[in-house]
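Chain by chain, the residues run as shown.
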Amino acid sequence: MTDIDVLLEEHRKFKPPETFARNANVRSAEIYERAAKDYEGFWAECARELEWSKPFTKVLEWAPPRSKWFADGELNASVSCVDRHARGERANKAAIIWEGEPGDTRTLTYAELLDEVCRFASVLDSLGVEKGDRVSIYLPMIPEAAIAMLACARVGAVHSVVFGGFSAESLRDRIVDAGAKVLITADGGFRRGQVVPLKKNADDAVAQTPTIEHVVVVRRTEKPIGGTEASMKAGRDKWWHELMAKASPTRAPTAVNAEDILFTLYTSGTTGKPKGIVHTTGGYLTQCAVTTRMIFDLKESDVYWCTADVGWVTGHSYIVYGPLANGATCMMYEGAPDWPEKDRFWALCEKYGVTIFYTAPTAIRAFMKWGAQHAEKHDLSKLRLLGSVGEPINPEAWMWYRENIGGNRCPIVDTWWQTETGATMISPLPGITETTPGSATVAFPGITAELLDDNAKPIKVGGGLLAITKPWPGMLRTIWGDDERYVKTYFSKWPGRPDLYFPGDGAKRDEDGNFWILGRVDDVLNVAGHRIGTMEVESALVDHHAVAEAAVVGKAHDLKGQAIAAFVTLREGINATPELLAELRDHVGTKIGAIAKPDDIIFSADLPKTRSGKIMRRLLRDIAEGRALGDTTTLADPAVVAALKDQYESIEG
Ligand code: WTA
């Protein structure tokens, strides 16, 4: 049974503000019909916005589950993202405005960015990197990360960025899987005033990776934590600045086929080894560019800030490729949101006049927990659009974001997508879509999303499995080195239907046709025969004024099959009391019904999260059911879950 019960009712609606709608990049809903009527034509038109050295004549070849887009065209991603702006009116426009955690700054115009990208492309040549070779990138959030990615693209090499917060072992596994020839890292990076020892981790990793020939090291911290001269291994390690100083500032782009690989990016599945998601060039860049322009309503004068790390797909698509393909000015910030104070993001928004701000629900809930006073200290009046990505956003967090950051005037775009989809799939278009807190609304033009039951029967209104029913340009092409797993994971949910992509998420659809993502289907609860999405119970808890964040899991129960256990983080200044506990249970009862009242509520200062900020419910299930903890290697802070386990056991015991 895959029907998911629909519990939460949310009826607040927000129309696009009139002036926003009048000036928006997309002003008419007619675009949806146009894209539906001629779906290949729509994507071809979007693709023609890029610069092609050899124009494509074919649009889509679809042999389920394999797609090729624009397959006889040739281009180079760095040309669309840099050269064409640097050679025109945007030459002196800021491409990247960067601030380090300690407060140091750097601005790169498009002309300067081109110079840097060409130089590093020349460096890659000198290190023997050829078209199709893999290059691993393990850097902090510094401009060199974007430069390195674009330089790889320029020489036709495949970049594989590994998040700078990952350990030496995680880095090693990803380098080995990719068979990378060169690793680009830094002596360290700043995080909450501390130095992250990147070079030391890189050394430990490379000691066990037979394919790495060279390590290029950016001097960032100059702190003697593995990043000293002494740690530079002769012949293997080279300083970035030394190589760049003598590198040629011109380097012609290598034309690649639209279906040549642009990058691989590892995503941890719920089980087993990380998957190297493979993205190709033409289709991926097309979807990144058009979604950035339409969903963020990007204009020439905008200062656009996506707070993700380049180590995640959001950083690839919406810090580097999408915005730069549009010639945007992008903010980039190295460090933590609460360093040195909890108002750092808002100080940055004020200082640089940020107009478009894109972040994750986990960050929004942290801001809620810390309180609105931090944002109130700053002038955020330049902001005109807010975005959210990465997890379902609870309606109360959405409202908090709208009121306290967006001044009740900025439209919010809640964008649903995945590493595998390459770019946004479900989202409002801010000039035309009426939004409602908690719903990512409808599929982007040219994307076909549906809710299906187990037998691939569409569910018009209600809860079910999210499916993408037609290929799209930015879709993953395979899993690096494991094509079988590609077919099995994404195209085998509905037997005999290799044309249906299963993203692994449950969702509901309301009468207006809006999608509400309910969370991973692996996390769905089954209470007395009712299948309940984690998102709805969590949102009912977050709806209470005392609560900042909640994670809900099912634990085995003799009668009901599963009972609900809730882990709850309170807003700053609020005390956990037995009265509050009873009040929260009742609150869930009134909000969505007695069936969803949690049996256990555990107050916790923090919740276990992946390093990209997603709540790890699997570990909470282990705690709630008194099991030994499963794999904790992808946790941001393993101490959180150890403490919770002790706490839970002392309550239970
Ligand atoms: C979840 C991040 C609800 C979802 C771009 C998806 C979301 C997974 C949303 C992909 C959203 C992402 N609303 N859920 N707006 N955005 N998700 O690969 O479960 O890090 O399948 O890509 O995050 O995470 P990934």
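Look up a bit, the structure's there.
Residues numbered from 1 in each chain as written. Predicted model: local features only at pLDDT ≥ 70, side-chain atom pairs only at ≥ 80, totals over all residues. Heavy atoms only, no water.

1. Side note on the side chain of Asp343
Note on placement: Asp343 falls in the loop between strand E18 (329-333) and helix H12 (344-352). With residues up to four places along the chain from it excluded, the contact list for Asp343 reads Pro337, His374, Lys377 and His378. (Helix = DSSP H or I, 4+ residues; strand = E, 2+ residues; numbered from the N terminus. Contact = heavy atoms within 4.5 Å.)

2. With respect to the state of the cysteines
For the structure shown, the criterion picks out 0 disulfides. Looking at Cys46, it has no disulfide partner, and the nearest cysteine sulfur is the one in Cys288, 12 Å off. Between Cys118, a cysteine without a disulfide, and Cys81, which holds the nearest cysteine sulfur, the sulfur-to-sulfur distance is 13 Å. When its relative accessible area of 4% is taken as the criterion, Cys118 is described as buried. (Disulfide = S-S within 2.5 Å. Buried < 20%, exposed > 50% of the residue type's maximum accessible area, 1.4 Å probe, protein only.)

3. A word on the packing of helix H3 (residues 39-47) against helix H10 (residues 282-295)
With their axes 9 Å apart at the nearest point, H3 and H10 run at an angle of 85 degrees to one another. One finds that H3 runs roughly perpendicular with respect to H10. Across from Trp43, Cys46 and Ala47 in H3, the residues of H10 making contact are Thr286, Gln287 and Val290. Looking at the contact of H3 with H10, its residues break down into 4 nonpolar, 2 polar and no charged. (Axes fitted to C-alpha atoms, helices over the stretch in contact; angles between N-to-C directions. Parallel < 35°, antiparallel > 145°, perpendicular 65-115°, else oblique. Nonpolar A, V, L, I, M, F, W, Y, C, P; charged D, E, K, R; others polar.)

4. As for the nonpolar core
Trp43, Leu113, Phe120, Ile184 and Tyr321 are the most contacted members of the largest nonpolar core, which has 139 residues in total. Of all the elements, helix H6 (residues 143-155) adds the most residues to this core, at 10 residues. Setting aside its immediate chain neighbours within four residues, Trp43 contacts Trp69, Phe70, Thr286, Gln287, Val290, Phe444, Pro445, Gly446, Ile447 and Pro473. With 57 residues, the next largest nonpolar core counts Phe14, Phe357, Ala550 and Ala596 among its residues. (Core = buried A, V, L, I, M, F, W, Y, C linked by side-chain atoms within 4.5 Å.)

5. Some details on the site of the ligand
Around the ligand lies a shell of 16 residues, among which Asp414, Thr415, Thr419, Asp505 and Arg520 are the nearest. Between the ligand and Pro392, the relevant distance is 3.3 Å, taken from a nitrogen atom to a main-chain nitrogen or oxygen of the residue. Asp505 is positioned such that a nitrogen or oxygen atom in its side chain is 2.8 Å from an oxygen atom of the ligand. Within the complex, 90% of the 530 Å² of free accessible area of the ligand lies under protein. Grouping the amino acids of the shell around the ligand by side-chain chemistry returns 6 nonpolar, 5 polar and 5 charged. (Near = heavy atom within 4 Å. Polar contact = N/O pair within 3.5 Å; in protein donor to acceptor, adjacent residues only side chain to side chain. Areas by Shrake-Rupley, 256 points an atom, 1.4 Å probe, with all protein chains shown as cover.)

6. Remarks on the sheet that holds strand E16 (residues 275-280)
Read from one edge of the open sheet, 8 strands run E13-E12-E9-E7-E8-E15-E16-E24, paired in mixed fashion. Unpaired on one side and paired on the other, strand E13 (237-239) and strand E24 (478-479) mark the two borders of the sheet. On top of the sheet, H6 reaches strand E7 (134-138), strand E8 (158-161), strand E9 (182-186), strand E12 (214-218) and strand E15 (261-267); it is set at about 175 degrees to E7, its chief contact. (Pairing = 2+ DSSP bridges.)

7. Quick notes on the packing of aromatic side chains
The description of an aromatic ring pair uses the distance of the two centres, along with the angle that the planes make with each other. Inspection of the entire model under this criterion finds 35 aromatic pairs. Note on Phe163 and Phe166: the rings are 5.8 Å apart at their centroids and 85 degrees apart in plane angle, and the pair reads as edge-to-face. Of the two residues, Phe163 and Phe166, neither departs from the other in class, the shared state being buried. For the pair Phe345 and Phe357, a centre-to-centre distance of 6.1 Å together with 75 degrees between the ring planes defines the contact as edge-to-face. Linking Phe345 in helix H12 with Phe357 in strand E19 (residues 356-359), this pair joins segments that are 12 residues apart in sequence. Using a relative accessible area of 6% as the deciding quantity, one classes Phe345 as buried. Taken together, the aromatic side chains of Trp305, Tyr333, Phe345, Trp346, Phe357, Phe367 and Trp370 make up a single cluster linked through ring pairs. (Phe/Tyr/Trp six-rings, centres within 6.5 Å; stacked < 30°, edge-to-face > 60°.)

8. Some remarks on the pairing of strand E29 (residues 547-557)
The buried fraction of E29 is high, at 9 of 11 residues. Note: E29 against strand E30 (residues 561-570), 10 bridges, orientation antiparallel. Residue Glu549 lies in a different strand from E30, and its bridge partner there is Thr569.

9. Looking at the packing of helix H7 (residues 168-178) against helix H8 (residues 198-206)
In contact at an axis separation of 8 Å, H7 and H8 are set at 50 degrees when each is read in the N-to-C sense. Considering the angle they form, H7 stands oblique to H8. For H7 against H8, the interelement crossing comes out right-handed. Contacts between H7 and H8 pair Ala168, Leu171 and Arg172 from the former with Asn201, Ala202, Asp204 and Ala205 from the latter. Of the residues assigned to the contact of H7 with H8, the class counts are 4 nonpolar, 1 polar and 2 charged. (Left-handed = near helix turned anticlockwise from the far one by under 90°.)

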